[in-house]
Amino acid sequence: LYDPANDSAGVDRLALLTELRHGIDAGELRLVYMPKVALGSGRVLGMEALVRWQHPVRGLLTPGVFIPHAERTGLIGALTLEVLDQALAQTARWIAAGTATRVAVNLSARNLLDRGLPTAVDERLRRFGVPADLLELEITESTIMADPARALVVLEELAAMGIHLTIDDFGTGYSSLAYLKRLPVTTLKIDREFVDGLGQDPHDSAIVAAVIALARALELNVVAEGVETEEQQRLLRLLDCDELQGFLISKPLPVDVFEATFLTRS
């Protein structure tokens, strides 16, 4: 028999979703920025916008606490649009200050299956006056494979607008190379799981080398994420990786700290 006392997790989840819906409307979401730098010169080429939730009672919450719940409901759509609004508004301010650089925003499977997404993104680019080539959208392999045919239509519309598309966490999903060659993406991001073993695990090193070679053959840019050591950076340079992202360069930073640390010298 059902006993509410044994379902506290369900009650907590529903409460969290209700609070998140209110939090989006109340402006409780915050963005932090993590730089992507050129492996050769160290120049900042862009940044990834990552969301945090400034909960009025629980404090600052990381995405792992609330994003999975939002993805199981229609709430992820509103959350993603709020992140886009904040990221593009900030990019518009950087354009006005002469320090604009490309900003990346993550998409979920539900976002990618929304045929209205390209129109919503285009409307926001026009509203904030941000050129499409300053926006990058990151999609995981598993997100694409949820419905490849439908996702391809949405991705092609976004690419036709001039938006950069990136496959995030490459190597951890189950994507087919037959789909990869058809996707209008510009970048592959090597998952941190493989970068972490560089120089220690020969299998990880072989996978990283293979992904970089694949990206070269497909004329794609390649980014290594989760870079934390000088040795990893050295090996990635030897393997001819284009960009890196990780704690070796910087943890995610609030906008004012990011500006002072990177944009004034990029």
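Refer to the preceding data block for the structure.
Just so it is clear, the structure is predicted and the values come from calculations on it, not from any experiment. (Residues numbered from 1 in each chain as written. Predicted model: local features only at pLDDT ≥ 70, side-chain atom pairs only at ≥ 80, totals over all residues. Heavy atoms only, no water.)

Caption draft 1: Representation of the pattern of salt bridges. Inspection of every chain in the model, using the stated rule, returns 15 salt bridges. A salt bridge links Asp85 to Arg124, with the nearest nitrogen and oxygen atoms 2.8 Å apart. With a gap of 39 residues between them, Asp85 in helix H3 (residues 75-97) and Arg124 in helix H5 (residues 117-128) connect regions that are remote in the sequence. Overall, Asp85 belongs to the buried group, its relative accessible area being 16%. Here Arg216 makes a salt bridge to Asp240, at a shortest N to O gap of 3.1 Å. Of this pair, Arg216 sits in helix H10 (residues 202-217) while Asp240 sits in the loop between helix H11 (230-238) and strand E9 (243-245), and the two are 24 residues apart along the sequence. (Salt bridge = Lys/Arg side-chain N within 4 Å of Asp/Glu carboxyl O. Helix = DSSP H or I, 4+ residues; strand = E, 2+ residues; numbered from the N terminus. Buried < 20%, exposed > 50% of the residue type's maximum accessible area, 1.4 Å probe, protein only.)

Caption draft 2: Broad picture of the side chain of Glu225. Mapped onto the secondary structure, Glu225 falls in strand E8 (residues 221-225). Look past the residues within four positions of Glu225 in its chain and what remains in contact with it is Asp168, Asp169, Lys189, Ile190, Asp191, Arg192, Val195 and Gln245. (Contact = heavy atoms within 4.5 Å.)

Caption draft 3: Looking closely at the pairing of strand E6 (residues 164-170). With six of seven residues buried, E6 lies mostly within the body of the structure. Here five bridges tie strand E5 (residues 135-140) to E6, and the two strands are oriented parallel to one another. Bridged to Ile139 within E6 is Ile167. Summarising the sheet, E6 and strand E7 (residues 187-190) pair through three bridges and their orientation is parallel. Bridge assignment links Phe170 to a residue of E7, and that residue is Ile190. (Pairing = 2+ DSSP bridges.)

Caption draft 4: Seen up close, unusual backbone geometry. A positive phi is found at Asp169, a non-glycine position, where the angle reads about 55°. As for its position among the elements, Asp169 is in strand E6. Relative accessible area serves as the criterion here: at 22%, Asp169 is assigned to the partly exposed category. One non-glycine residue, Asp240, adopts positive backbone phi at about 70°.

Caption draft 5: Structural view of the environment of Val57. Secondary-structure assignment places Val57 in the loop between strand E2 (44-55) and strand E3 (59-61). Given the relative accessible area of 73%, Val57 is considered exposed. With 16 residues separating them in the primary sequence, Val57 and Thr73 have C-alpha atoms 23 Å apart.

Caption draft 6: Representation of the side chain of Thr140 within the structure. With respect to the helices, strands and loops of the structure, Thr140 is situated in strand E5. There is a polar contact of 2.7 Å between the side chain of Thr140 and the side chain of Thr143. Residues contacting Thr140, with those up to four places away along its chain left out, are Asp168 and Asp169. (Polar contact = N/O pair within 3.5 Å; in protein donor to acceptor, adjacent residues only side chain to side chain.)

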